[in-house]
Structure formats: C-alpha cells, structure tokens
Amino acid sequence: MSIVENRTAFHDYFIEERYEAGVALEGWEVKAIRGGRATIAEAYVMVRNAEIFLFGANISPLPTVSTHFTPNPTRTRKLLLNAEEIKRLIGKVEQRGYTLIPLNLHYNKGRIKLDIGLGRGKLKHDKRATEKEREWNREKQRLLRSR
C-alpha cells in the first residue's frame, strides 16, 4: 500500500533498477507517516562512507508531539539494505550518469519501506518524446472507445 509517490522521478529519469530499502525512523516519524504527513518530492539519496542516506524527505510532525522535544522534519535518514545491494549500488552510482532516486514510500508487512530507483537523467528531447508517446496512447484509447 503506497503512502507517498515521487511522480517527477519518472519524468526526469530513466529508471533502470528498483530496490526496496528500510528506513531508520524515530517514533514520532512513524506516527506522522501513518497520519499522511510525509513528502519525498524534493528528496534525494546519497552514498556516504559505504552507507546510503535519504536527504530532504519532509516528515512534518503531528501537533500532538511532545512539548519537550523539538522534531527536525527534514533530517537525514539512513536507508537499510543488504551489504551486497549496497556494494552493487555504490558500483553503479560511481559509473557515469547514474543516480539514486526515491520513488515510493509504502508499507510492507506493517513496516515502512522506501523504493529507490537507479536511474539516468533524461535530456529535454527525451522528456518531449515521452510526453508525445503518452499523448498518442491517450488519443488511441479515445479512438478505440468511440468505435
């Protein structure tokens, strides 16, 4: 079940591989995510010291958060993957043009997981071609329905 999707990721990147990672969260963050207060539109994933981190994801706290605690909604969160997957991702990211993009925040067996995609950036003409193809498919469906 999806919580939040990053819709601009497929517009800006060719996604070649997808990985599912756990997210190291604090208690108030889990409650806020379950309350639907998370966004990953401006988020990005980086590799530091052979570990993978999520930067810029905004999880705004619920108003019932404790008064003696000051939450940081855009803190850096560690992503949890197998060591082999981390090595494979680091190798691919170091290649020219590859980047890690957060795609989807969702539940899996009651746990909050993040789909990350390994992608290459699209150029302007690639984006135009994708848009033309999408419009043509819509038009084709309209023509088939009208018959």
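Conventions we followed
- Residues numbered from 1 in each chain as written.
- Predicted model: local features only at pLDDT ≥ 70, side-chain atom pairs only at ≥ 80, totals over all residues.
- Heavy atoms only, no water.
- Salt bridge = Lys/Arg side-chain N within 4 Å of Asp/Glu carboxyl O.
- Helix = DSSP H or I, 4+ residues; strand = E, 2+ residues; numbered from the N terminus.
- Buried < 20%, exposed > 50% of the residue type's maximum accessible area, 1.4 Å probe, protein only.
- Core = buried A, V, L, I, M, F, W, Y, C linked by side-chain atoms within 4.5 Å.
- Contact = heavy atoms within 4.5 Å.
- Pairing = 2+ DSSP bridges.
- Arc of directions from axis to C-beta.

Enquirer: Hey, could you run me through the pattern of salt bridges in this one?
Expert: According to the stated counting rule, one finds 10 salt bridges in the structure shown. For E16, the salt bridge identified is with R120, shortest N-O distance 2.7 Å. Of the two residues, E16 sits in strand 2 (residues 13-23) while R120 sits in strand 9 (residues 111-121), which places them 104 residues apart along the sequence. Across the pair E17 and K92 runs a salt bridge, and its minimum N-O distance is 2.9 Å. Taken together, the residues E17 in strand 2 and K92 in helix 3 (residues 83-94) connect sequence positions 75 residues apart. With relative accessibility at 24%, the residue K92 sits in the partly exposed group.

Enquirer: I would appreciate a short explanation of the nonpolar core in the present structure.
Expert: Across soluble globular proteins, you tend to see nonpolar side chains buried next to one another. The biggest cluster of nonpolar side chains holds 27 residues, and the ones touching the most others in it are L79, L89, L114 and I116. Elements supplying a minimum of two residues to this core: strand 2, helix 2 (27-34), strand 5 (51-55), helix 3, strand 8 (98-108) and strand 9. The dominant element in this core, judged by the number of residues it contributes, is strand 9, at four residues. If we ignore the near neighbours within four places in the chain, the residues touching I116 are E17, R18, Y19, V45, L79, L81, L89, I101, P102 and L103.

Enquirer: What's the story with the pairing of strand 8 in this structure? I'm lost.
Expert: Strand residues, when the strand is regular, have side chains that alternate between the two faces of the sheet. The element strand 8 is largely enclosed, with a buried count of eight among its 11 residues. Pairing between strand 1 (residues 2-5) and strand 8: three bridges, direction antiparallel. What sits directly across from S2, in strand 8, is H106. In this structure, strand 8 lies alongside strand 9, joined through 10 bridges in antiparallel fashion. Along strand 9, the bridge assignment pairs I101 with G117.

Enquirer: Is there a simple way to think about unusual backbone geometry in this case?
Expert: Glycine aside, negative phi is the norm for most residues, and most peptide bonds take the trans geometry. One non-glycine residue, N49, adopts positive backbone phi at about 50 degrees. By secondary structure assignment, the location of N49 is in the loop between strand 4 (44-48) and strand 5. The exposed category is assigned to N49, whose relative accessible area is 75%. Even without a glycine there, the phi angle at K109 is positive, about 55 degrees. One can find K109 in the loop between strand 8 and strand 9.

Enquirer: What exactly am I supposed to notice about helix 2 here?
Expert: Each turn of an α-helix holds 3.6 residues, which means side chains three or four residues apart point in the same direction. Every buried residue of helix 2 is accounted for by W28, E29, A32 and I33. Viewed end-on, helix 2 has its buried residues packed into an arc of 135 degrees, placing them on one side of the element. Exposed residues lying more than 90 degrees from the buried face of helix 2 are G27 and K31. The secondary structure elements touched by the buried residues of helix 2 are strand 1, strand 3 (38-39), strand 6 (58-59), strand 7 (77-80), strand 8 and strand 9. Residue G36 follows helix 2 closely and has a positive phi angle near 80 degrees.

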